[in-house]
Amino acid sequence: MVNKKTFIFFITVCILILNPMVFAQTMGTNEAQQYIKQAEISQAQGDYWESVRSYSKAIALDPGQVVLYKNRGNVYYRLGKYNEAMRDYNTAIALDHSYLDAYNNRGNIYNEFGEYEKALKDYTQVITGNPQHAKAYYNRGIVYGNLVQYEKAVADYSKAIELNPLFTDAYNKWEYL
């Protein structure tokens, strides 16, 4: 049986190899590239603080790379450092108002903080920008569930399932309601 860290590392490497946009988004100086690679490896190995340090060094060298703020924000989120993650998502959005992943991730934090209207606004922004974003429908459905707006929650879970029939979390939430 493969351990969790090995599996996560393998998946991360596969995503990087198979998704040329990741490489295009993270293009920068050679030194920044080294820190980015180190951050990705550290994250895959579960060394999240080292990943944060490496992303921070890459950002210092190439502060215009929007994806770096989102990626570091994701690591902060994983560490439960929501204020730091929020700061990075806000920076990513300030640098690129059309960066939907940052809106989606910021919506997750608003949901964690119980700021449901702000979360709904962010998820709706993602859906408006990309109506095929199944995860945004799912996330918005969670917020509607928290607001006891079950019909809207079911509609969003159903849309997430329509867009991604293998989205098991959406099925589970849908069945729960």
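A few points on the structure. Predicted model only: the values in this text are computed from it and were never measured. (Residues numbered from 1 in each chain as written. Predicted model: local features only at pLDDT ≥ 70, side-chain atom pairs only at ≥ 80, totals over all residues. Heavy atoms only, no water.)

### Describing the overall build of the protein
Phase 1 of the analysis: Each helix and strand in the protein was counted, giving 11 helices and zero strands.
Phase 2 of the analysis: Burial statistics for the protein: of 177 residues in total, 41% are counted as buried.
Phase 3 of the analysis: Long-range contacts, defined as pairs at least 24 residues apart, comprise 44% of the intrachain contacts of the protein with a sequence gap of at least 6.
Phase 4 of the analysis: Of the accessible surface of the protein, which amounts to about 10,000 Å², a share of 55% is contributed by carbon and sulfur atoms. (Helix = DSSP H or I, 4+ residues; strand = E, 2+ residues; numbered from the N terminus. Buried < 20%, exposed > 50% of the residue type's maximum accessible area, 1.4 Å probe, protein only. Contact = heavy atoms within 4.5 Å. Areas by Shrake-Rupley, 256 points an atom, 1.4 Å probe, with all protein chains shown as cover.)

### Thoughts on the pattern of salt bridges
Phase 1 of the analysis: For the structure on display, the rule yields six salt bridges.
Phase 2 of the analysis: Ionic pairing is found between Lys118 and Glu115, a salt bridge with its closest N-O pair at 3.1 Å.
Phase 3 of the analysis: Lys118 sits in the partly exposed class, given a relative accessible area of 44%.
Phase 4 of the analysis: One salt bridge in this structure joins Asp156 and Arg140, with 2.6 Å as the shortest N-O distance. (Salt bridge = Lys/Arg side-chain N within 4 Å of Asp/Glu carboxyl O.)

### Some points on the packing of helix α3 (residues 30-44) against helix α4 (residues 48-61)
Phase 1 of the analysis: The contact between α3 and α4 brings their axes to 8 Å, and the two run at 160 degrees. Here α4 runs roughly antiparallel to α3, going by the angle between their axes. Of the two possible hands of crossing, α3 and α4 adopt the one that is left-handed. On α4, the residues touching Glu31, Ala32, Tyr35, Ile36, Gln38, Ala39, Glu40, Ser42 and Gln43 of α3 are Tyr48, Glu50, Ser51, Ser54, Tyr55, Lys57, Ala58 and Leu61. (Axes fitted to C-alpha atoms, helices over the stretch in contact; angles between N-to-C directions. Parallel < 35°, antiparallel > 145°, perpendicular 65-115°, else oblique. Left-handed = near helix turned anticlockwise from the far one by under 90°.)

### A short note on the packing of aromatic side chains
Phase 1 of the analysis: As enumerated under the stated definition, the model contains five aromatic pairs in all.
Phase 2 of the analysis: Pairing Tyr138 with Phe167 gives two aromatic rings, centres 4.9 Å apart and planes at 40 degrees, and the pair type is tilted. Of this pair, Tyr138 sits in helix α9 (residues 134-146) while Phe167 sits in the loop between α10 (150-163) and α11 (168-176), and the two are 29 residues apart along the sequence. In this structure, Tyr138 and Phe167 share a single accessibility class: buried.
Phase 3 of the analysis: Through a chain of ring-to-ring contacts, three or more aromatic side chains come together here, namely Tyr77, Tyr82 and Phe113. (Phe/Tyr/Trp six-rings, centres within 6.5 Å; stacked < 30°, edge-to-face > 60°.)

### A look at the nonpolar core
Phase 1 of the analysis: Among the nonpolar cores identified, the biggest contains 42 residues, and Leu68, Ala92, Tyr99, Tyr138, Ala160, Phe167 and Ala170 are the most heavily contacted of them.
Phase 2 of the analysis: Of all elements in the fold, only α3, α4, α5 (66-78), α6 (82-95), α7 (100-112), α8 (116-129), α9 and α10 reach the threshold of two or more residues within this core.
Phase 3 of the analysis: The element best represented in this core is α9, accounting for seven residues.
Phase 4 of the analysis: Contact partners of Phe167, with chain neighbours within four places excluded, come to Ala134, Lys135, Tyr138, Ala160 and Ile161. (Core = buried A, V, L, I, M, F, W, Y, C linked by side-chain atoms within 4.5 Å.)

### Some words on α6
One turn of the α-helix equals 3.6 residues, which is why residues spaced by three or four share an orientation.
Phase 1 of the analysis: The end-to-end C-alpha distance of α6 is 20 Å, a good match for the 20 Å that 14 residues give at a rise of 1.5 Å each.
Phase 2 of the analysis: Listed in full, the buried residues belonging to α6 are Ala85, Met86, Asp88, Tyr89, Ala92 and Ile93. Buried residues along α6 cover an arc of 165 degrees about the axis, so they all sit on one side. Of the exposed residues in α6, the ones pointing more than 90 degrees away from its buried face are Asn83 and Ala94.
Phase 3 of the analysis: In this structure, the buried residues of α6 make contact with α5 and α7. (Expected span 1.5 Å × (residues − 1). Arc of directions from axis to C-beta.)

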